[in-house]
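Residue-level structure breakdown
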Amino acid sequence: VSTIFSILAVSTIFAILAIAMLIPMVFLLANKEKAYVPEFTQEEALACGEAFMTALTEGDYAAAFSYCDVDAKRREWMKSHGYTEAELVNLEADGLKKFCQQGEKLEALGGIDAYEFVMISDWSLDSRGNEEYSLYYKVLFDGKEENFSFSLSKNGIWSMGAADGL
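Residues numbered from 1 in each chain as written. Predicted model: local features only at pLDDT ≥ 70, side-chain atom pairs only at ≥ 80, totals over all residues. Heavy atoms only, no water.

**A closer look at the side chain of Glu-132**
Along the chain, Glu-132 falls in strand 3 (residues 131-141). A distance of 3.4 Å separates the side chain of Glu-132 from the side chain of Trp-158, its partner in a polar contact. (Helix = DSSP H or I, 4+ residues; strand = E, 2+ residues; numbered from the N terminus. Polar contact = N/O pair within 3.5 Å; in protein donor to acceptor, adjacent residues only side chain to side chain.)

In structure tokens:
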């Protein structure tokens with residue numbers, strides 16, 4: 001009789017252990033995370049970057065400005081600099097005017113003669129939760145190579161920077 005109870009006790013312990021091990025496995029399999037696929041791909045970022053750089057090189061600064069994410073700048077300035085919506089109501093028109101004025105100054109200095117793509121960063125999420133890439137170029141300006149880069153999301157370019165000479 002004690003042998004039967006021993007066998008039952010051992011069998012019960014094994015059954016409990018088997019169930020205890022199955023529960024986490026079932027939970028993990030049921031909640032398996034799907035692979036994340038970016039909504040904004042490197043190919044799309046490169047196409048936008050190419051169109052922006054072509055417009056800059058051709059001196060079409062209004063077209064180049066159309067690739068900029070003005071709404072991102074508006075949100076950033078309201079959050080970080082305390083501007084109100086009313087103060088930024090003309091941001092797009094004012095930004096286009098200023099961008100084209102800077103383009104005219106660039107043209108007066110000879111403009112961008114050529115550009116060469118250098119690299120694109122891996123995608124990441126910016127502080128707003130948007131997928132973004134950074135693109136890096138070498139531009140020929142005033143007979144010298146200068147570095148030029150910008151960051152963009154599916155909404156457009158929201159940040160750009162250049163070397164001192166540009």
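**Thoughts on the environment of Ala-72**
Mapped onto the elements, Ala-72 comes out in helix 4 (residues 70-81). For the pair Ala-72 and Trp-158, spaced 86 residues apart in sequence, the C-alpha separation works out to 6.4 Å.

**Considerations on the confidence of the model for the protein**
Within the protein, residue pLDDT values average 84, and 83% of them lie at 70 or more. When pLDDT is averaged over each helix and strand of the protein, the minimum, 69, is found for helix 1 (residues 2-30) and the maximum, 96, for helix 3 (residues 61-65). (pLDDT = per-residue confidence, 0-100.)

**Points about the packing of aromatic side chains**
According to the stated counting rule, one finds nine aromatic pairs in the structure shown. With centroids separated by 5.1 Å and ring planes inclined at 70°, the aromatic side chains of Phe-52 and Phe-150 adopt a geometry described as edge-to-face. Of the two residues, Phe-52 is situated in helix 2 (residues 42-58) and Phe-150 in strand 4 (residues 144-153); the sequence distance between them amounts to 98 residues. As far as the burial class goes, Phe-52 and Phe-150 line up, both buried. Relative to Phe-150, the ring of Tyr-137 has its centre 5.7 Å away and its plane inclined at 15°; by these criteria the two rings are stacked. Of this pair, Tyr-137 sits in strand 3 while Phe-150 sits in strand 4, and the two are 13 residues apart along the sequence. When sorted by exposure, Tyr-137 lands in the same class as Phe-150, which is buried. Here the aromatic residues Phe-52, Tyr-115, Phe-117, Tyr-137, Phe-148 and Phe-150 are joined through ring pairs into a cluster of three or more. (Phe/Tyr/Trp six-rings, centres within 6.5 Å; stacked < 30°, edge-to-face > 60°. Buried < 20%, exposed > 50% of the residue type's maximum accessible area, 1.4 Å probe, protein only.)

**Describing helix 5 (residues 91-108)**
Taking 1.5 Å of rise per residue, 18 residues should cover 26 Å, and helix 5 covers 25 Å from first to last C-alpha, within 8% of that figure. Taken together, the buried positions of helix 5 are occupied by Leu-91, Phe-99, Gly-103 and Leu-106. Taken end-on, helix 5 shows its buried residues confined to a sector of 100°, consistent with a single buried face. Structural note: helix 5 exposes Lys-97, Glu-104, Lys-105 and Ala-108 on the side pointing more than 90 degrees away from its buried face. Next to the buried residues of helix 5 lie helix 2, helix 3, helix 4, strand 1 (112-120), strand 3 and strand 5 (156-162). Residue Gly-110 follows helix 5 closely and has a positive phi angle near 115°. (Expected span 1.5 Å × (residues − 1). Arc of directions from axis to C-beta. Contact = heavy atoms within 4.5 Å.)

**Description of unusual backbone geometry**
A positive phi is found at Asp-142, a non-glycine position, where the angle reads about 55°. Looking at the element boundaries, Asp-142 is found in the loop between strand 3 and strand 4.

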